[in-house]
Amino acid sequence: MWGVLPGLIRKLTGVFRRLSSNEYAYSVITKVLGVIVGFVYSIVYSRYFGAEFRGEAAIITNDVGMLYIFLCMGMYQAYPYYRKGLKPEEIDGYYRSYINDTFGLFLIYMAVAVGLAVLLRIRVTYIIVILLLPTEFLVKQLNYVVLIENPKLRNTMGLRLNLFDLLVVVLMWLTVESSLWLCIGFVVLKQLVYTVLAVSNLHVNLFSIRPSLSRNIPKFMRFGLVPMVSTLLMTANYKLDIAMLDFFPNVTTAGVGIYSLGVLLAEKIWMIPDALKDILLSKLAKGKDAGEVTRVIRLSLPIMLVFVLGIMLLGQRFIVFVYGAEYADAYGVTLLIITGTVFMVFYKMINSYYIVEGHRMLSFVMLLITAAVNVVLNAILIPSMGMNGAAIASLVSYVSCGAMFVITFSRMTKIPISQIIILRRSDVQLVLQKIRRRK
């Protein structure tokens, strides 16, 4: 047996190297590992801080996750559009100019944030949100450009950050009793670490960065205005529900914490198609066409369906077993949201295509409809059904969003919907080829 083991390890190592040489496969591998690590982290985090503290932290991260979009002004979504037509010798200068402009805006935003923090007399949690916003802007701007230029590096760092989150929470669990301020402190520490790593991912000498405000910024912001509103609408589609839950008096902070667990589990599973979407965006910016979009959709849908089936089979008892009895109600929320995320595969992949091809207004209109559906249903259902009403609103909005994107894409590209959603033998063969040989 021991003589066979080294040979088996060599074979597995060879398979991993062949897979990791392909950007799609490597992205999926790192995201799957990220889902596993993130799942363990969610267990430790939820049990350590409890539903109430988790709810307070969720409100802070939720506010930061929505408001930073206004600071970005859609600039990062303009990056792949203007990069697509550049000559190879022009790309490096374009890359460095974008980084310099990003740091120029960051310094201005941070100065304003510090000024507001000193002058305003508001809740400490709101002050924390204000101070974290510039760093979230920097992280999103830099991570997006790294995603376009080096998607494998972006995915590797994502896995490392997941491991960091897990190790820090485990260390706190073993050494100190949980508290609200400790929970908030962890949120701040995470943001600072994410910022440092986002800067290090650039792989440029920090002393070579020259913060600037070039004439590219107005051009990028004009392009990014519609995508920014579209992103805000999409973000509102899965973050506004937490804000609205916090608004209605029939939902407690602990209830928000329970709901946020369901959202977190759905987001971790969503990371798999997200991995493919990130690589797809990079490839589209470098010249790939609509056929690449359909292929990625066909590969993503079965993966999501497997996860939905897995959640259904595991059931509520599994949630209670791993997270504790106070999170029992998170099962229904998770199942509803994950079912909806199956349809959001269409949005994620097709919207990447629309961004690169310049169809900003089309995405905007469809996301506006989706957000309106979500807000109206939340306002109707949360007062009577609480977090289950918010989950139903999310499900309906996700389904409608995915349906609109796949129908418009089919009509625009003349590709039948059946060819977009039904997995082909050639897709499976292509995956097997990537495993057998180095691409």
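Not measured: the values here are computed from a predicted model.

Undergrad: Honestly, the pattern of salt bridges in this entry has me stumped. Any pointers?
TA: One side chain can pair with another of opposite charge once the charged atoms of both are near each other. Here the structure, examined in full by the defined rule, presents 2 salt bridges. A salt bridge links Asp92 to Arg96, with the shortest nitrogen-to-oxygen separation between them at 3.5 Å. A residue pair is termed a helical-turn pair when its members lie 3 or 4 positions apart in one helix, as Asp92 and Arg96 do in helix α4 (residues 88–119) at 4 residues. When its relative accessible area of 44% is taken as the criterion, Asp92 is described as partly exposed. The class for Arg96 is partly exposed, based on a relative accessible area of 35%.

Undergrad: Before we go on, may I ask you to explain the packing of helix α3 (residues 75–83) against helix α5 (residues 124–149) in this structure?
TA: The description of two helices packed together rests on the angle between their axes and the distance between the axes. Following both chains from N to C, one finds α3 and α5 inclined at 25 degrees, their axes separated by 9 Å at the closest point. When the axes of α3 and α5 are compared, the pair comes out roughly parallel. Note on packing geometry: the crossing formed by α3 with α5 is right-handed. Along its contact with α3, which presents Met75, Tyr76, Gln77, Tyr79, Pro80 and Arg83, the element α5 presents Gln141, Tyr144, Val145, Ile148 and Glu149. Across the contact of α3 with α5, the residue classes break down as 7 nonpolar, 2 polar and 2 charged.

Undergrad: Please clarify how the confidence of the model for the protein chain should be interpreted in this entry.
TA: Predicted coordinates in regions of low pLDDT should not be interpreted in detail. Summarising the model, the protein chain shows a mean pLDDT of 78, and 83% of its residues fall at 70 or more. Note that pLDDT drops below 50 for residues 1–16; the model gives that stretch 2 contacts with residues more than four away or on any other chain.

Undergrad: Just checking my understanding: could you explain the environment of Leu142 for this structure?
TA: Along the chain, Leu142 turns up in helix α5. Residues Leu142 and Ala198, spaced 56 residues apart in sequence, show a C-alpha to C-alpha distance of 6.1 Å. What Leu142 contacts, discounting residues up to four positions off in sequence, is Thr102, Phe103, Ala198, Val199 and Leu202.

Undergrad: Sorry, what's going on with the nonpolar core here?
TA: Soluble globular proteins tend to bury their nonpolar side chains together. Ranked by internal contacts, the top residues of the largest apolar core, which has 60 residues, are Tyr259, Ile297, Ile350 and Phe409. Looking at this core, the elements that each hand over two or more residues are α2 (23–72), α8 (216–247), α9 (253–285), α10 (290–323), α11 (330–357), α12 (360–385) and α13 (387–413). With 14 residues, α11 is the largest single contributor of residues to this core. Counting residues in each nonpolar core, the second largest holds 58 residues, with Tyr95, Leu133, Leu159 and Ile217 among its members.

Undergrad: How do you make sense of the packing of aromatic side chains when you look at a structure like this?
TA: For any two aromatic rings, the description comes down to two numbers: the centre-to-centre distance and the angle of the planes. This structure, assessed with the given rule, holds 13 aromatic pairs. Taking 6.1 Å as the distance between ring centres and 40 degrees as the angle between the ring planes, the aromatic pair formed by Tyr45 and Phe186 counts as tilted. Here Tyr45 is found in helix α2, whereas its partner Phe186 is found in helix α7 (residues 180–200), with 141 residues between them in sequence. Comparing Tyr45 with Phe186, the two get one shared label, buried. Ring centres of Tyr109 and Phe137 lie 4.9 Å apart, and the angle between their planes is 85 degrees; this geometry places the pair in the edge-to-face category. With Tyr109 in helix α4 and Phe137 in helix α5, this pair connects stretches of sequence that are 28 residues apart. Per residue, the accessibility class of Tyr109 equals that of Phe137, and both read buried. Of note, Arg123 hangs over the ring of Tyr126, and the distance from its end group to the ring centre comes to 4.8 Å.

About the criteria used
- Residues numbered from 1 in each chain as written.
- Predicted model: local features only at pLDDT ≥ 70, side-chain atom pairs only at ≥ 80, totals over all residues.
- Heavy atoms only, no water.
- Salt bridge = Lys/Arg side-chain N within 4 Å of Asp/Glu carboxyl O.
- Helix = DSSP H or I, 4+ residues; strand = E, 2+ residues; numbered from the N terminus.
- Buried < 20%, exposed > 50% of the residue type's maximum accessible area, 1.4 Å probe, protein only.
- Axes fitted to C-alpha atoms, helices over the stretch in contact; angles between N-to-C directions.
- Parallel < 35°, antiparallel > 145°, perpendicular 65-115°, else oblique.
- Left-handed = near helix turned anticlockwise from the far one by under 90°.
- Contact = heavy atoms within 4.5 Å.
- Nonpolar A, V, L, I, M, F, W, Y, C, P; charged D, E, K, R; others polar.
- pLDDT = per-residue confidence, 0-100.
- Core = buried A, V, L, I, M, F, W, Y, C linked by side-chain atoms within 4.5 Å.
- Phe/Tyr/Trp six-rings, centres within 6.5 Å; stacked < 30°, edge-to-face > 60°.
- Lys NZ or Arg CZ within 6 Å of the ring centre and 35° of its normal.

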